[in-house]
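Below, each chain spelled out in residue letters.
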Amino acid sequence: MSGAPLLARTLGWAGVLPLLPCVAVIWWEVSPWIETAQIAGGLYSGVILSFLGGTWWSIAAAAPAAEGRGMLGWVWCAAVIPSLIVVAAGLWWLIRPAEYEPALVTLAFSLMASPLVDSRLASMGLTPRWWLGLRWPLSLILGLATLALAMG
């Protein structure tokens, strides 16, 4: 992570901050706020997951081979999947509000698995050298925090 630009590191870690109060509410069992913390944390996790898809879309669009179909087709598809996961999780939550765990667990594991796409992009030379050093820890922390919300 030390190779990442300071602004990227700072903003990346700042992106973890909104989930911390939500997890704190769960950890300390602040009863009147537990459901609110789960909803807020789930929404934020969904926003971040969709943001990652947008990042992959941008990487594919900026790649030298973007005009061709070949090797980047999977990136375009992968870029759309996070938003579809978020919508599916949100619909689950709307249809079955008392059963929030599956939605949060889906978001959590999707966040934790997201660097696998980044790893493939890095192996293709489409990301900066420091990219994975930033993506792995941030995604794992956000995923684990979201998982903690599911256990609340």
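Scroll up for the structure.
The residue numbers shown here count from 1 along each chain, following its written sequence. Given that this is a predicted model, residues contribute local features only at a pLDDT of at least 70 and side-chain atom pairs are listed and counted only at 80 or more, while totals for whole chains, interfaces and linings are drawn from all residues. To obtain the side-chain values, all non-hydrogen atoms of the structure were used and water was disregarded.

Visitor: Go over the overall build of the protein chain, please, and point to the residues and values.
Guide: Along the backbone of the protein chain there are seven helices and zero strands. Helix numbering and strand numbering both begin at the N terminus, where a helix is a DSSP run of H or I of at least 4 residues and a strand a DSSP run of E of at least 2. When the elements of the protein chain are put in sequence order from the N terminus, they spell out α-α-α-α-α-α-α. Between the two quantities, the radius of gyration covers C-alpha atoms and the globule rule is 2.2 Å times the number of residues to the power 0.38. The C-alpha radius of gyration of the protein chain comes to 16 Å, within 12% of the 15 Å expected for a compact globule of 152 residues. Note on exposure labels: buried denotes an accessible area under 20% of the residue type's maximum, exposed denotes more than 50%, and partly exposed covers the range between, all computed with a 1.4 Å probe on protein chains only. With 152 residues in all, the protein chain has 39% of them scored as buried. Sequence separation of 24 or more characterises 69% of the internal contacts of the protein chain that already satisfy a separation of 6 or more. We treat Lys and Arg as the positive residues and Asp and Glu as the negative residues; His and chain ends play no part in the count. Where a charge lies is defined by one atom per residue type: Lys uses NZ, Arg uses CZ, Asp uses CG and Glu uses CD. Across the protein chain, the mean location of the 6 positive side-chain charges is 18 Å away from that of the 6 negative side-chain charges. Residue contacts are defined here by distance: any two heavy atoms, one from each residue, within 4.5 Å place the two residues in contact.

Visitor: I'd like a description of the packing of aromatic side chains, backed by residues and values.
Guide: Only Phe, Tyr and Trp rings take part, Trp by its six-membered ring, and two of them pair if their centres are within 6.5 Å. Stacked means planes under 30 degrees apart, edge-to-face means over 60, and tilted covers everything else. This model, assessed by the stated rule, comprises three aromatic pairs. When the centroid spacing of 4.6 Å and the interplanar angle of 85° are considered together, the rings of Trp57 and Trp76 count as edge-to-face. One end of the pair, Trp57, is in helix α3 (residues 34–62); the other, Trp76, is in helix α4 (residues 73–95), and 19 residues separate them in sequence. On the basis of relative accessibility, which here comes to 42%, the residue Trp57 falls in the partly exposed class.

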